[in-house]
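Each chain, written out:
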Amino acid sequence: MPVMAVGGEKSFGPLQAVIVRHVATNVQEEVVAGSGHWLMEEKPTYTVALIHKFIDGPVVAHSADSPSRDSNEERLTPAEYRFPPVGNPGTGSSGVGGIQTVVLKGNPDQAGVYTIMLRVPAHTQIAAHSHRDDRVATVISGTWHIGYGDRFDEAKLKTLPAGSFYTEPPSRNHFAATADEPVVVQITGFGPSSTEYVVATQDPRNSAKSK
């Protein structure tokens, strides 16, 4: 069945097609330039034209092996994740020194879809910060505590056990914490990513530089 996946350039973009390819094999990828999430409100003429062209036009096969799709195939079991022996927070993380990062796909420093996996140590508290790209995340193991707001507020934390899902909207401040066990989270976004703290003195990268 032909399926068209449309994402706004400033929202999901080509990530929309990446997601849809998990459930469909003939996916036409379209990105609406200059639009955010609300395609019909922000770019109605262009979006309607895309829909008409898809519905009224000839059927075109977009196979999984199409050159327009990233053909790098990867299948990993949990035992195959290669976390570094020491912390390497990296782009797209909160910058906390003890966090171990594995890049599973793409490059969070460059334009395009990326997926990173973070192992956050036990008893870690992360101050309010944001990332400029639109991100979705899954808790792989452990119990994650996350909240939204401009300062760390324990009362606003929601407890997310393994298997939970959450979002990190672009430039939306959020904060997090772990308890008595480390937590592994997997995050997918559309780079280039960044990390900006509400209070600069709470940015752990600044203290690392001073040392």
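How each quantity is defined
Residues numbered from 1 in each chain as written. Predicted model: local features only at pLDDT ≥ 70, side-chain atom pairs only at ≥ 80, totals over all residues. Heavy atoms only, no water. Helix = DSSP H or I, 4+ residues; strand = E, 2+ residues; numbered from the N terminus. Buried < 20%, exposed > 50% of the residue type's maximum accessible area, 1.4 Å probe, protein only. Contact = heavy atoms within 4.5 Å. Lys, Arg positive; Asp, Glu negative; His and termini not counted. Charge placed at Lys NZ, Arg CZ, Asp CG, Glu CD. Pairing = 2+ DSSP bridges. Phe/Tyr/Trp six-rings, centres within 6.5 Å; stacked < 30°, edge-to-face > 60°. Lys NZ or Arg CZ within 6 Å of the ring centre and 35° of its normal. Axes fitted to C-alpha atoms, helices over the stretch in contact; angles between N-to-C directions. 1 Å grid on protein atoms, 1.4 Å probe; cavity = no way out; pocket = protein on both sides within 12 Å on 5 of 7 lines; lining within 4 Å. Points joined across faces, edges and corners; volume = space filled by probe spheres on them. Nonpolar A, V, L, I, M, F, W, Y, C, P; charged D, E, K, R; others polar.

**As for the overall build of the protein**
Phase 1 of the analysis: Counting its regular elements, the protein contains four helices and 12 strands.
Phase 2 of the analysis: For the protein, the spread of C-alpha atoms along the principal axes amounts to about 60 × 40 × 30 Å.
Phase 3 of the analysis: Scored against the burial criterion, the 211 residues of the protein give a buried share of 41%.
Phase 4 of the analysis: Across the protein, every contact between residues at least 6 apart in sequence was considered, and the portion connecting residues at least 24 apart equals 64%.
Phase 5 of the analysis: Computed over 18 positive and 22 negative side-chain charges, the separation of the two mean positions in the protein equals 3 Å.

**Details of the pairing of strand E5 (residues 125-130)**
Phase 1 of the analysis: The element E5 is largely enclosed, with a buried count of five among its six residues.
Phase 2 of the analysis: Direction of pairing for E5 relative to strand E10 (residues 174-177): antiparallel, over a ladder of three bridges. If you follow Ile 126 over to E10, its bridge partner there is Ala 176.
Phase 3 of the analysis: Across two bridges, E5 lies against strand E12 (residues 196-197) in antiparallel orientation. Looking at E12, one finds that Ser 130 is bridged to Glu 196.

**Here we look at the packing of aromatic side chains**
Phase 1 of the analysis: For the coordinates displayed, the defined rule picks out one aromatic pair.
Phase 2 of the analysis: Ring centres of Phe 152 and Phe 175 lie 5.3 Å apart, and the angle between their planes is 55°; on these two criteria the pair is classed as tilted. One end of the pair, Phe 152, is in the loop between strand E7 (144-148) and strand E8 (158-160); the other, Phe 175, is in strand E10, with 23 residues separating them in the sequence.
Phase 3 of the analysis: Assessed through its relative accessible area of 0%, Phe 175 is described here as buried.
Phase 4 of the analysis: Positioned above the aromatic ring of Phe 83 is the side chain of Arg 119, whose terminal nitrogen or guanidinium carbon lies 4.0 Å from the ring centre.

**Some details on the sheet that holds E12**
Phase 1 of the analysis: Reading across from one edge, E8-E7-E10-E5-E12 is the order of the five strands in this open sheet, with antiparallel pairing throughout. In this open sheet, the two strands that pair with only one neighbour each are E8 and E12.

**A short note on the sheet that holds strand E6 (residues 135-141)**
Phase 1 of the analysis: Reading across the sheet, the five strands line up as E3-E4-E11-E6-E9 and stay open at both edges, with antiparallel pairing between neighbours. Either end of the sheet is taken by a strand with one partner, and the two such strands are strand E3 (100-105) and strand E9 (165-168). Direction aside, neighbouring strands of the sheet carry axes that sit 25° apart on average.

**Here's the deal with empty space enclosed by the protein**
Phase 1 of the analysis: Taken as a whole and assessed by the stated rule, the structure comprises one cavity of 30 Å³ or more.
Phase 2 of the analysis: If you add up the space inside the largest cavity, you get close to 120 Å³.
Phase 3 of the analysis: Looking at the largest cavity, it is lined by 18 residues, and the ones nearest its centre are Ser 94, Leu 118, His 129, Trp 144 and Glu 168.
Phase 4 of the analysis: Looking at the lining of the largest cavity, the elements with two or more residues in it are strand E4 (112-120), E5, E7, E9, E10 and strand E11 (183-191).
Phase 5 of the analysis: Of the residues contributing to the lining of the largest cavity, the split by class is 10 nonpolar, six polar and two charged.

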